[in-house]
Amino acid sequence: MLKNTFCHIPGIGAQTERRLWEAGLRSWDSVNDHTPAREIIPEKKRNLLEKYCSESAEQLAARNAGWFDGMLPSNQSWRLFGEFRHSVAFLDIETTGLSGDTDHITTIALYDGKSIFHYIKGGNMSDFAERVKNYKLIVTYNGKTFDVPFIRKYLRIPMNHAHIDLRYVLSALGHAGGLKQCEKQFGIEREDSLEGVDGFFAVLLWNDFKRNGNQHALETLLAYNIADVISLETLMTLAYNANVRATPFAATHILPPVESPEIPFKPHVRTIEKLRHQYGW
C-alpha cells in the first residue's frame, strides 16, 4: 500500500487521496501524468505532490520505515506492514506491575514471522537489544503507551523503530478492548489451559517462579507471553486486509493468511490451578 499512498504528503488528506485514486492516479510512479492532479488539487499542492512522491520512492528504496512512520497519520500506520512485513518484530513484554519505580520487565517475547525469541530477567535479557535492532518495524498491542516506554526506561534501549500499535488500528476498525477481547471478536481461540490467564496472572506466575523456584510457572508465563506475539501477527494481517478492502487495491494487495507456529512452551495446568485456588482467582 505504501506505493499507492498519498495521505502522508502534507496537505493531502484521506478524501483527496481517494479522489486521486478514483481519477486514475494510483501510485507514486503515475504522478508524472499530471492530468488527474490538475483537476483535483491546485498547482502549489501539485508541486508538493511531485516532490514527496519522488522522495517517498527514495525512502522506500532505502528501506527507511521510520520516515514513513513519521509522515503517515497515526490511523494509517497499518500501511507500513505490506512493504516491511519481512523485517517486522511482533513484540510483547510481561512486567511485575504498571511501570512504578519498583517494577521491572520479567519476560519479553519477540516473533518475526519465522522465529520465536524469548528473554528472561536474570537470564538472557541483555540479548534483546542486539536482536531487536535488526528489524525495521515493530508491531505491538498498546505498546506505544506501555511496552516501548517500559523498555526504554528499564533496558535503556532507544527503540526508535517504526511502530504499528494494533490497539489503534483495531479500534479504527471497530474492535475495542484488550488483546484477548479482540482475538475473540475475530474468532481466534487460544489453548484452553491459557483461558483466563492475563497480565495480572502473569505476575503471579513470575512470583511463583522466583519465590518457589517453580520452573513450570516460568514455562507457563513464557507460553502466555509468546501466545501474545503470535496472535499479533494474525491480527495484524487481518487488520491490514480489512483496511485494504476499503481501497481500490483489494484485488492485488490482500495478504494470505498466516500459519501460526507451535509455541515451544506448554502451560502447566496444575500450576495454574494452584495459583487460582491460592489467590481466589
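Because the structure is a prediction, the values reported are computed rather than measured.

**Brief notes about the pairing of strand S2 (residues 105–111)**
Burial analysis of S2 places 7 of its 7 residues in the buried class, the great majority of the element. Of the pairings in the sheet, the one linking strand S1 (residues 88–95) to S2 comprises 6 bridges and is antiparallel in character. Pairing of Asp92 across the sheet is with Ala109, part of S2. Pairing analysis gives 5 bridges linking S2 to strand S3 (residues 116–120), with the strands arranged antiparallel. In the strand pairing of S3, Leu110 is matched with Phe117. Between S2 and S3, which pair antiparallel and follow one another directly, the connecting turn spans 4 residues, one of which, Gly113, has a positive phi of 90°.

**A few points about the packing of helix H10 (residues 199–212) against helix H11 (residues 215–244)**
At a closest axis distance of 7 Å, the pairing of H10 and H11 adopts a crossing angle of 150°. Here H11 runs roughly antiparallel to H10, going by the angle between their axes. As for how H10 packs across H11, the hand of that crossing is left-handed. In this structure, H10 uses Gly199, Ala202, Leu205, Trp206, Asp208 and Phe209 to contact H11, whose residues at the interface are Gln215, Ala217, Leu218, Thr220, Leu221 and Tyr224. Its residues assigned to classes, the contact of H10 with H11 comprises 8 nonpolar, 3 polar and 1 charged.

**Observations regarding the sheet that holds S2**
The strand order S3-S2-S1-S4-S5 describes an open sheet built from 5 strands, whose pairing is mixed. The sheet terminates laterally at S3 and strand S5 (162–165), the two strands that pair on one side only. For this sheet the average axis-to-axis angle between neighbouring strands, irrespective of direction, equals 25°. Two elements, S1 and strand S4 (residues 137–140), share 3 bridges in a ladder whose sense is parallel. If you follow Val88 over to S4, its bridge partner there is Leu137. Each of S1, S2 and S3 is contacted by H10, which is oriented at about 65° to S1, the strand it contacts most. Strand contacts of H11: S1, S2, S3, S4 and S5, with the helix running at about 145° to S1, the strand carrying the most contacts.

**Remarks on the packing of aromatic side chains**
Counted by the stated rule, this structure contains 11 aromatic pairs. Ring geometry for Trp78 and Tyr240: centres 5.6 Å apart, planes at 70°, overall edge-to-face. Here the residue Trp78 occupies a position in the loop between helix H4 (65–71) and helix H5 (80–84), and Tyr240 occupies one in helix H11, the gap between them amounting to 162 residues. The same class applies to Trp78 as to Tyr240, namely buried. Look at Trp206 and Phe209: their rings are 5.4 Å apart centre to centre, the planes differ by 55°, and that puts the pair in the tilted class.

Basis of the calculations
- Residues numbered from 1 in each chain as written.
- Predicted model: local features only at pLDDT ≥ 70, side-chain atom pairs only at ≥ 80, totals over all residues.
- Heavy atoms only, no water.
- Buried < 20%, exposed > 50% of the residue type's maximum accessible area, 1.4 Å probe, protein only.
- Helix = DSSP H or I, 4+ residues; strand = E, 2+ residues; numbered from the N terminus.
- Pairing = 2+ DSSP bridges.
- Axes fitted to C-alpha atoms, helices over the stretch in contact; angles between N-to-C directions.
- Parallel < 35°, antiparallel > 145°, perpendicular 65-115°, else oblique.
- Left-handed = near helix turned anticlockwise from the far one by under 90°.
- Contact = heavy atoms within 4.5 Å.
- Nonpolar A, V, L, I, M, F, W, Y, C, P; charged D, E, K, R; others polar.
- Phe/Tyr/Trp six-rings, centres within 6.5 Å; stacked < 30°, edge-to-face > 60°.

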